[in-house]
Amino acid sequence: MPTVQINGAELFYETYGHRREGQTPVLLMHGAPQTGRATWRTVALRLESQHFVIVPDLRGHGQSSNPHHTYTFSEHAADMAALIRALGFERAHVVGHSNGGNIAVVMLLEQPEVLQTLVIQAGNAWVSPDLKERMPRIFEPGFIERERPLWARHLQELHGDAWRELVVLIANETIARPNYAPEDLAKATRPVLVVQGSEDMPNAPMKHAEYMAKHIPHAELWVPKGVGHSVHEEVLNEWLARIPGFWARRGTDAGEALHRHGQAHHADD
């Protein structure tokens, strides 16, 4: 079970596939309160024939420690940037799902040097009023044990007794950050694809994906119809075509320069 010391924590990670000379790795970040394997194993197994895939447990999740008992998107973003470097890479194709998508947005603005491309899936870049109302109520240990016992049992299996502290930390951060204005997102420089199911109940009503795609320069947007929160699970084959296709088109500096030239001179509505 590989682990690495990152910013005071012991981070657990799994890898799939083989390193190839000159090829950019893929880093898959899970949501909260999940683990890398629970969220991404099926995808990683499908990608491993063509890519080297890194699937970590975020600090405080699964088999990764949390010595400071903290949960902030900036801390996770710094952890992931350090993990990429610790494994010997300068950049990665980074994909973040749900709260992992929020971490991805923070990486875009705080750790852009480690991003070859970025996929933000089911995340948000600003704190909408519904999040402030919903998160403290749902991410509360007593509510989960009383109203959602199957979820409580699942969280116990993933995180042990630490899940009770974890869900409170998650709720507190999610109602405070990330909270980026359009002028903040306009500073982004890396290639971005924003993904959100049209029926993603935590995110679609407030059009979080559309907000990010509108204000991040040169961002692309994919909103599959009739799909909920977990696009990579609900339409796996289409996901496996769309995401690696994005890496192929915009995953090199030369490819990105060509894309931006085309957008500037031959835009396709």
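Note that this is a predicted model, so its numbers are computed, not measured. (Residues numbered from 1 in each chain as written. Predicted model: local features only at pLDDT ≥ 70, side-chain atom pairs only at ≥ 80, totals over all residues. Heavy atoms only, no water.)

1. Details of the environment of A213
Short version of the rule: Each helix is a run of H or I in the DSSP string that is no shorter than four residues. Each strand is a run of E no shorter than two, and both are numbered from the N terminus. The contact criterion used is simple: two residues touch if any of their non-hydrogen atoms lie within 4.5 Å.
Position of A213 relative to the elements: it lies in helix α9 (residues 208-215). For A213 and L193, which are 20 residues apart along the polypeptide, the C-alpha to C-alpha distance reads 7.8 Å. With near-sequence residues (within four places) excluded, A213 lies in contact with V194, A219, E220 and L221.

2. Quick word on the packing of aromatic side chains
The condition that has to hold: Here the aromatic set is Phe, Tyr and Trp, taking the six-membered ring for Trp, and pairing holds for ring centres within 6.5 Å; pairs whose planes are under 30 degrees apart are stacked, those over 60 apart are edge-to-face, and all others are tilted. Residue burial is assigned from relative accessible area. The probe radius is 1.4 Å, only protein chains are included, and a residue is buried under 20% of its type maximum, exposed over 50%, and partly exposed in between.
Applying the stated rule across the entire model yields five aromatic pairs. Taking the centre distance of 5.9 Å and the plane angle of 40 degrees together, the rings of F52 and F89 count as tilted. With F52 in the loop between α1 (36-47) and β4 (53-56) and F89 in the loop between α2 (73-86) and β5 (92-97), the pair connects residues that are 37 residues apart, well separated along the chain. When the ring of F139 is compared with that of W151, the centres are 5.6 Å apart and the planes differ by 75 degrees; the resulting orientation is edge-to-face. In this pair, F139 sits in the loop between α4 (129-138) and α5 (141-147) while W151 sits in helix α6 (residues 149-159), placing the two residues 12 residues apart along the sequence. Assessed through its relative accessible area of 12%, F139 is described here as buried.

3. Some remarks on the pattern of salt bridges
Using the following cut-off: What counts as a salt bridge is simple: a side-chain nitrogen of Lys or Arg found within 4 Å of a carboxyl oxygen of Asp or Glu.
Counted under the stated rule, the structure contains 17 salt bridges. The residue R91 makes a salt bridge to D253 at a minimum N-O spacing of 3.0 Å. One end of the pair, R91, is in the loop between α2 and β5; the other, D253, is in helix α12 (residues 253-265), and 162 residues separate them in sequence. Given a relative accessible area of 26%, R91 falls into the partly exposed group.

4. Description of α4
The following threshold applies: Each C-beta atom gives one direction from the helix axis, and the arc is the one those directions make.
Those residues of α4 that fall on the buried side of the exposure criterion are L131, R134, M135 and I138. On an axial view of α4, the arc spanned by its buried residues comes to 100 degrees, and they lie on one face. Each element contacted by the buried residues of α4 is listed here: α5, α6, α7 (163-174) and α9.

5. Some words on the packing of α1 against helix α11 (residues 236-250)
Put simply, the test is: All axes here are fitted lines through C-alpha atoms, helices being fitted over the stretch that makes contact, and every angle between N-to-C directions spans 0 to 180 degrees. Under this scheme an angle from 65 to 115 degrees is roughly perpendicular, one under 35 degrees roughly parallel, and one over 145 degrees roughly antiparallel; angles in between are oblique. By definition, any crossing whose near helix is turned counterclockwise from its far helix by less than a right angle is left-handed, and any crossing with a clockwise turn is right-handed. Each residue gets one of three labels, nonpolar for Ala, Val, Leu, Ile, Met, Phe, Trp, Tyr, Cys and Pro, charged for Asp, Glu, Lys and Arg, and polar for the others, Gly among them.
Put simply, α1 and α11 touch, their axes get as near as 11 Å, and they point 60 degrees apart. On the basis of their axis angle, the class for α1 and α11 is oblique. Our pair here, α1 against α11, has a crossing hand that is right-handed. Every residue of α11 that contacts α1 at W40, T42, V43, R46 and L47 is listed here: L236, N237, W239, L240, P244 and W247. Here the contact of α1 with α11 is composed, by residue class, of eight nonpolar, two polar and one charged.

6. Focus: unusual backbone geometry
Between A32 and the following residue, P33, the backbone shows a cis peptide bond with an omega angle of -10 degrees. The residue S98 is not glycine, and still its phi comes out positive at about 60 degrees. If you trace the backbone, S98 turns up in the loop between β5 and α3 (99-110). The class of S98 is buried, set by a relative accessible area of 14%. Despite not being glycine, A122 shows a phi value in the positive range, around 55 degrees. Here A122 shows up in the loop between β6 (115-121) and α4.

7. Let's talk about the pairing of β5
Basically, it comes down to this: In this scheme, strands are said to pair when DSSP sees at least two bridges between them.
Of all six residues making up β5, six are buried, and the element is well covered by its neighbours. On β5, burial covers both faces: A92, V94 and G96 on one face and H93, V95 and H97 on the other are all buried. Summarising the sheet, β5 and β6 pair through six bridges and their orientation is parallel. Residue pairing in the sheet places H97 in a bridge with Q121 of β6.

8. Quick notes on the packing of α4 against α7
In the contact formed by α4 and α7, the axes pass within 9 Å of each other and the chain directions differ by 170 degrees. With respect to α7, the element α4 is oriented roughly antiparallel. Of the residues in α7, those in contact with L131, M135 and P136 of α4 are I170, A171 and T174. Each residue belonging to the contact of α4 with α7 can be placed in one class, and the counts come to five nonpolar, one polar and no charged.

9. Focus on α12
For an α-helix, the turn length of 3.6 residues means that residues three or four places apart are oriented alike. The following threshold applies: A helix is expected to span 1.5 Å multiplied by its residue count minus one.
If you check α12, its first and last C-alpha atoms are 18 Å apart, about what 13 residues at 1.5 Å a residue would give, namely 18 Å. All buried positions along α12 are accounted for by G255, E256, H259 and G262. Buried residues of α12 fall within an arc of 125 degrees about the axis and therefore sit on the same side. Exposed side of α12, more than 90 degrees from the buried face: A254, A264 and H265 are the residues found there. Structurally, α12 contributes buried residues whose contacts are with β8 (220-222) and α11.

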